[in-house]
Amino acid sequence: MTINPSNNSKTVCIIGGSGFVGTSLCNLLDKSGIQFHILDLVMGPAYPDKTTIVDIRNLDDLQRAI
C-alpha cells in the first residue's frame, strides 16, 4: 500500500495508535512523510515523541488533545 501525500501541511490524528494496527498505520504514514499524532491511553514504544496520553472516553479531554 502506498500513500501519496498531496498536502503536507495537515496532521493526521490517530486514536489508539499505540496498538498493533495503529502502529502499523503510523509506520506507513511515517514512511510516506505524512505528519501524524497519536492519542492513546498508553505510551507505545514506537513513537513516544508523537503520543499524547488521553482517555478518549472523556470527551472534554479528547477535545483538548485534538
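Quick caveat, the model's predicted, so the values are computed rather than measured.

Asker: So what exactly am I meant to see when it comes to the state of the cysteines here?
Answerer: The bond known as a disulfide is covalent and runs between the sulfur atoms of two cysteines. For the coordinates displayed, the defined rule picks out 0 disulfides. No disulfide involves cysteine 13; its sulfur sits 9.8 Å from the nearest other cysteine sulfur, which is in cysteine 26.

Asker: Help me out: how do you make sense of helix α1 (residues 20–31) in this one?
Answerer: Every α-helix carries 3.6 residues per turn, so stepping three or four residues along brings you back to the same face. When the terminal C-alpha atoms of α1 are compared, their 17 Å separation across 12 residues agrees well with the 16 Å that a helix rising 1.5 Å per residue should span. Along α1, the residues that are buried comprise Gly22, Thr23, Cys26 and Leu29. Within α1, the buried residues cover an arc of 120° as seen down the axis, which keeps them to one side. Relative to its buried face, α1 has exposed residues pointing more than 90 degrees away, namely Phe20, Val21 and Lys31. For α1, the secondary structure elements touched by its buried residues are β1 (11–15) and β2 (35–40). A positive backbone phi angle near 80° is found at glycine 33, which sits one or two residues after α1.

Asker: Mind showing me how you'd approach empty space enclosed by the protein here?
Answerer: Rolled over the atoms, a probe as big as a water molecule pinpoints where empty space is left. Inspection of every chain in the model, using the stated rule, returns 1 cavity of 30 Å³ or more. The space that makes up the largest cavity amounts to roughly 30 Å³. Each residue belonging to the lining of the largest cavity can be placed in one class, and the counts come to 3 nonpolar, 5 polar and no charged.

Asker: What should I look at first to understand the sheet that holds β1 in this one?
Answerer: Through backbone hydrogen bonds, the strands of a sheet pair up, either in parallel or in antiparallel fashion. Strand order in the open sheet made by the 3 strands is β1-β2-β3, with parallel pairing throughout. Pairing within the sheet leaves two strands with one partner each, and these edge strands are β1 and β3 (51–53). Strand after strand, the sheet turns through a mean of 20° between neighbouring axes, direction not considered. Where β2 lies against β3, 3 bridges are found, and the strand directions are parallel. By the bridge assignment for β3, leucine 39 is matched with threonine 52.

Asker: Is there a simple way to explain the pairing of β2 in this structure?
Answerer: By the bridge criterion, 5 bridges tie β1 to β2 in an arrangement that is parallel. Note that in β2 the partner of isoleucine 14 across the bridge is isoleucine 38. Running through α1, the crossover from β1 to the neighbouring parallel element β2 is right-handed.

Rules used in this analysis
Residues numbered from 1 in each chain as written. Predicted model: local features only at pLDDT ≥ 70, side-chain atom pairs only at ≥ 80, totals over all residues. Heavy atoms only, no water. Disulfide = S-S within 2.5 Å. Helix = DSSP H or I, 4+ residues; strand = E, 2+ residues; numbered from the N terminus. Expected span 1.5 Å × (residues − 1). Buried < 20%, exposed > 50% of the residue type's maximum accessible area, 1.4 Å probe, protein only. Arc of directions from axis to C-beta. Contact = heavy atoms within 4.5 Å. 1 Å grid on protein atoms, 1.4 Å probe; cavity = no way out; pocket = protein on both sides within 12 Å on 5 of 7 lines; lining within 4 Å. Points joined across faces, edges and corners; volume = space filled by probe spheres on them. Nonpolar A, V, L, I, M, F, W, Y, C, P; charged D, E, K, R; others polar. Pairing = 2+ DSSP bridges. Axes fitted to C-alpha atoms, helices over the stretch in contact; angles between N-to-C directions. Right-handed = clockwise from strand over helix to strand, strands pointing away.

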